[in-house]
Amino acid sequence: MGQNVSIGQGVTFGHYVIIYDNVHIGDHTSIGDFCIIGERNSNLTAENQPLTKIGNNCMIRSHSIIFSGAILADYVQTGNRACIREESIVGSHSMIGYQSELQGHCIVGDYVRIQSNVSVGKTTKIGDFVYIYPYSVFTNDNTPPSGPKDGPSVGNFTQIGTSCIIMPGAKIGQFSLVGAGSKVSGTFGDDVFVQGSPAKDKGKLSKMPFINHQGKKHYPWPINYDQGLPWQGKDFITWAEEEGLKLPDIF
Amino acid sequence: MGQNVSIGQGVTFGHYVIIYDNVHIGDHTSIGDFCIIGERNSNLTAENQPLTKIGNNCMIRSHSIIFSGAILADYVQTGNRACIREESIVGSHSMIGYQSELQGHCIVGDYVRIQSNVSVGKTTKIGDFVYIYPYSVFTNDNTPPSGPKDGPSVGNFTQIGTSCIIMPGAKIGQFSLVGAGSKVSGTFGDDVFVQGSPAKDKGKLSKMPFINHQGKKHYPWPINYDQGLPWQGKDFITWAEEEGLKLPDIF
Amino acid sequence: MGQNVSIGQGVTFGHYVIIYDNVHIGDHTSIGDFCIIGERNSNLTAENQPLTKIGNNCMIRSHSIIFSGAILADYVQTGNRACIREESIVGSHSMIGYQSELQGHCIVGDYVRIQSNVSVGKTTKIGDFVYIYPYSVFTNDNTPPSGPKDGPSVGNFTQIGTSCIIMPGAKIGQFSLVGAGSKVSGTFGDDVFVQGSPAKDKGKLSKMPFINHQGKKHYPWPINYDQGLPWQGKDFITWAEEEGLKLPDIF
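### Overview of the overall build of chain A
When you go through chain A residue by residue, the secondary structure sums to one helix and 30 strands. In terms of C-alpha radius of gyration, chain A reaches 19 Å, essentially the compact-globule figure of 18 Å for 251 residues. Looking at chain A residue by residue over its 251 residues, the buried ones come to 58%. Counting only contacts in chain A whose residues sit at least 6 apart along the sequence, the fraction spanning at least 24 positions is 24%. If you sum the accessible surface of chain A, you get close to 9500 Å²; carbon and sulfur atoms cover 48% of it. Side-chain charges of chain A comprise 19 positive and 22 negative groups, with the mean position of each set lying 8 Å from the other.

Right, dumping it as structure tokens:
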């Protein structure tokens, strides 16, 4: 256990956990076996590592590495072997999945689910309620190798399928779906089905015949899916109104 | 070491191994450094974790995580940092490679070789003698996010190349080959060369000019390759007859 | 700590480090938490593991695994959870990134940067000053499964984008760029932009309008980028002349 470490009430630690200096862990959070919290950024001296902050009620699963300067809100979970690097910010109730990596200076919203083996490049911005599936990668350098980073951005409620490449500076709107295996450059609007390599705008997602297991048109998905989401057991539109969320006219 | 743990004869443990409750490890199995056996499924209480069973003569390499409820037959190997999740079943002599993950409720046959960095989604079914190469991913949700899972299936003796996406519900037959980088949806028969994105049936694999290092037509491959396989040092067809295996007429 | 281990001056070890037999670690090298050095090759008996050699001033980050017989020159770095397998050789100042794997018998030059989640198959050869981006994979078996391995090769100063598949036996020249998501078979020359699936020669890279953040034509990149490179703070061409490096006429 390092110096300047504060541990909340009811925190549990697994075996062989390493906590470096300048770490705050909130109440009722659990830290799994073989985790490293406050891993030192080797670009800084040991004395200059910034505060690492993990919120309340988080679950950090085994072998995860949380670098110095990362900020995790309440109820964040990591899968086993996740890695969250320096100065990245993760919103509440979000999940960074098995073997996934947030490189530095990423911003991830609330209720995001990044599944296994996702690589999120430096300076990427991800909205709220976004789901990202395995092996997708967010890149940030159009003329490699070069210095400044130009991370992509993804709007709220958007789904990014398996094994996608999101190119530097790409911007994807809200309530959209990127099909598995797509390579996405440029700007795409809201409620768009984005697919292909290079990816194209295939039209309005909410008009397309994506039929789910109940035989219903699935998109916009929040009408049909609420597992672990704040509108669970309620109507999504009612919830959105209560929250003052302005919905597009696809609802 | 947890409660209700039974350890066979001649089992060896590396350093810093964690064994949770309700674990059975068979004879002459080795558990590598930093492994977790019986990792708790966080959807269940600590008291309700099912039995984790590892067979005889297995080799679990370092940093691997075997979740509660996983069942590994005899002679199973994992690569370093493999992960086998709840209720997944792995047949005898199979290998789950470096950093590969079997998500929950998967069924993997005998003598399967899953190489490094493969992601096998929930409810996937993989036959016997199947080889899967790096970064291939088996998905299970056609309308993400949604509840029920619809894992793909792969027949015996089939090869899945590098970086393939196997889409939800896809069915690939026996003795087939999926070319590297393919995106596979739908149903494909036996002895088919499957390639492309979207993948297409390119014809009978056994008729195609895939020439190996000995200058021979390579498929059906069991005629030409036997390393670590039960017909090693024998003729494949003789072995198949001894086993009562009904072979297709490509032999 | 195993037998026949020699540790240089000023070496630092993290927590829970495992050093197996027959390991040499050079001066001022640091070994991070949870690392395994000299991991045993399970094809050999414990007594027959070859020498594992890590040079001076290396930084082996946490959870990395260095197999017996790997040779790392001076100033090599690994990202967290890297894996370098038996008989692989890594040149000075090179980086093997987060969760990346060098399989056995690979040769990696000097000042190479392999970023996260790259899989380098057995017998691959990578020149000097090569950068490889996430999820790219180097394969080595054209007729899987078969015995002999036929790893690809990459020339000096070449860039390999994200999520590429480099097929067995592919040869890529110097000062070239492989675009993200490409599937590369066959032979490509120097200063070529290689892109697509299957990848094609799109023309001379140095003639193409890849414009960097300074508004300048970016390739050949060493003119525009020097971070952490031996010509940092100097002119690249001057440095090359000092080194006796013969440059192609694109400079």
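### Overview of the packing of aromatic side chains
Aromatic rings considered in pairs are described by the distance between their centres and by the relative angle of their planes. Tallying each qualifying case throughout the model produces 69 aromatic pairs over all chains. Here the aromatic rings of A:W221 and A:Y225 are separated by 6.4 Å at their centres, their planes lie at 65 degrees, and the arrangement is edge-to-face. Site record: aromatic cluster; members linked through ring pairs are A:Y111, A:F129, A:Y131, A:F157, A:F175, A:W221, A:Y225, A:W231, A:F236, A:W239 and A:F251. The aromatic ring of C:Y98 is capped on one face by A:R85, whose charged end is 5.2 Å from the ring centroid.

### A few points about the side chain of A:D141
Residues and elements named next belong to chain A. Here D141 shows up in the loop between β21 (137-138) and β22 (153-154). By relative accessible area, which is 13% here, D141 ends up buried. At a separation of 3.2 Å, a polar atom in the side chain of D141 contacts the main-chain amide nitrogen of T143. A distance of 2.7 Å separates a polar atom in the side chain of D141 from a polar atom in the side chain of S146. With sequence-adjacent residues up to four places away left out, D141 is seen in contact with S146, K149 and P168.

### With respect to the relation of the copies chain B and chain C
What relates the two chain copies is a rotation about an axis together with a slide along it. Superposing chain B onto chain C takes a rotation of 120 degrees plus a shift of 0.0 Å along the axis, which leaves an RMSD of 0.0 Å. Given the turn and translation reported, the copies of this chain are related as if by a three-fold rotation axis.

### Section: the pairing of strand β29 (residues 192-196) of chain C
Residues and elements named next belong to chain C. Judged from the two bridges that link them, strand β26 (residues 177-178) and β29 form a sheet pairing that is parallel. Opposite V178, over in β29, you have V194 as the bridge partner. The pairing of β29 with strand β30 (residues 199-204) spans four bridges and is classified as antiparallel. Bridging across to β30, G196 finds its partner in A199. Counting the residues between successive antiparallel strands, the hairpin from β29 to β30 contains two residues.

### Some words on the interface of chain A and chain B
Listed by partner, the interface residues are 33 residues for chain A and 37 residues for chain B. Each partner contributes to the roughly 2600 Å² buried at the junction of chain A and chain B, and carbon and sulfur atoms together form 59% of this total. The tally of links from chain A across to chain B stands at zero salt bridges. Summed over the shared surface of chain A and chain B, the result is 14 residue pairs in polar contact (both at pLDDT 80 or more). Here the residues of the side of chain A that touches chain B are counted per class, giving 15 nonpolar, 15 polar and three charged.

### A closer look at the pattern of salt bridges
Should the charged atoms of two oppositely charged side chains come close, the side chains can pair. Tallied over the full model, the rule gives nine salt bridges over all chains. Among the salt bridges present, the one from A:E101 reaches A:R85, with a minimum N-O distance of 2.7 Å. Of this pair, A:E101 sits in strand β15 (residues 101-102) while A:R85 sits in the loop between β12 (83-84) and β13 (89-90); the two residues are 16 residues apart in sequence, bridging distant segments of the chain. Comparing A:E101 with A:R85 shows no difference in burial state: the two are buried. One salt bridge in this structure joins C:D141 and C:K149, with 3.8 Å as the shortest N-O distance. By relative accessible area, C:K149 is classed as partly exposed at 35%.

### Quick look at the confidence of the model for chain A
Averaged over chain A, the pLDDT score is 96; the fraction of residues at 70 or greater is 100%. Prediction confidence for the complex, expressed as pTM and ipTM, is 0.97 and 0.95 respectively.

### A few points about the sheet that holds strand β19 (residues 125-126) of chain B
Where strands meet in a sheet, backbone hydrogen bonds hold them as pairs that are either parallel or antiparallel. Residue and element names in this part refer to chain B. Pairing in this open sheet of ten strands is parallel, and the strands run β1-β4-β7-β10-β13-β16-β19-β22-β25-β28 from one edge to the other. Edge positions in the open sheet fall to β1 (5-7) and β28 (187-188), since each of these has one partner strand only. As paired strands, strand β13 (residues 89-90) and strand β16 (residues 107-108) are joined by two bridges and run parallel to one another. In the strand pairing of β16, I89 is matched with I107.

### Re the sheet that holds strand β18 (residues 119-120) of chain C
Residue and element names in this part refer to chain C. One open sheet holds the nine strands; their spatial order is β3-β6-β9-β12-β15-β18-β21-β24-β27, and the pairing between them is parallel. Two strands bound the open sheet, and with one partner strand each, they are β3 (18-19) and β27 (183-184). In terms of strand pairing, strand β9 (residues 65-67) meets strand β12 (residues 83-84) through two bridges, oriented parallel. Within β12, the position partnered with I65 by the bridge is C83.

### Focus on the interface of chain B and chain C
Every contact between the two is made by 33 residues of chain B and, on the other side, 37 residues of chain C. Buried surface at the junction of chain B and chain C, both sides included, amounts to about 2600 Å², of which 59% is carbon and sulfur. Joining chain B to chain C, the criterion identifies zero salt bridges. Here the residues of the side of chain B that touches chain C sort into 15 nonpolar, 15 polar and three charged.

### Concerning unusual backbone geometry
What is expected of a backbone is that most residues other than glycine have negative phi and most peptide bonds are trans. Residue and element names in this part refer to chain C. Note the cis peptide between S197 and P198, where omega equals 5 degrees. Take P198: it is sitting in the loop between β29 and β30. Cis geometry is adopted by the peptide bond preceding P220, which originates at Y219 and carries an omega value of 0 degrees. Position of P220 relative to the elements: it lies in the loop between β30 and α1 (236-243).

### With respect to the side chain of A:N212
You can see A:N212 is positioned in the loop between β30 (199-204) and α1 (236-243). In contact with A:N212, other than residues within four places in its own chain, are A:H218, A:N224 and B:T143.

Reading the values: the criteria
- Residues numbered from 1 in each chain as written.
- Chains lettered and ligands numbered in written order.
- Predicted model: local features only at pLDDT ≥ 70, side-chain atom pairs only at ≥ 80, totals over all residues.
- Heavy atoms only, no water.
- Helix = DSSP H or I, 4+ residues; strand = E, 2+ residues; numbered from the N terminus.
- Rg over C-alpha atoms; globule rule 2.2 N^0.38 Å.
- Buried < 20%, exposed > 50% of the residue type's maximum accessible area, 1.4 Å probe, protein only.
- Contact = heavy atoms within 4.5 Å.
- Areas by Shrake-Rupley, 256 points an atom, 1.4 Å probe, with all protein chains shown as cover.
- Lys, Arg positive; Asp, Glu negative; His and termini not counted.
- Charge placed at Lys NZ, Arg CZ, Asp CG, Glu CD.
- Phe/Tyr/Trp six-rings, centres within 6.5 Å; stacked < 30°, edge-to-face > 60°.
- Lys NZ or Arg CZ within 6 Å of the ring centre and 35° of its normal.
- Polar contact = N/O pair within 3.5 Å; in protein donor to acceptor, adjacent residues only side chain to side chain.
- Least-squares fit on C-alpha atoms with pLDDT ≥ 70 in both.
- Pairing = 2+ DSSP bridges.
- Buried area = accessible area lost by both parts, 1.4 Å probe.
- Salt bridge = Lys/Arg side-chain N within 4 Å of Asp/Glu carboxyl O.
- Nonpolar A, V, L, I, M, F, W, Y, C, P; charged D, E, K, R; others polar.
- pLDDT = per-residue confidence, 0-100.

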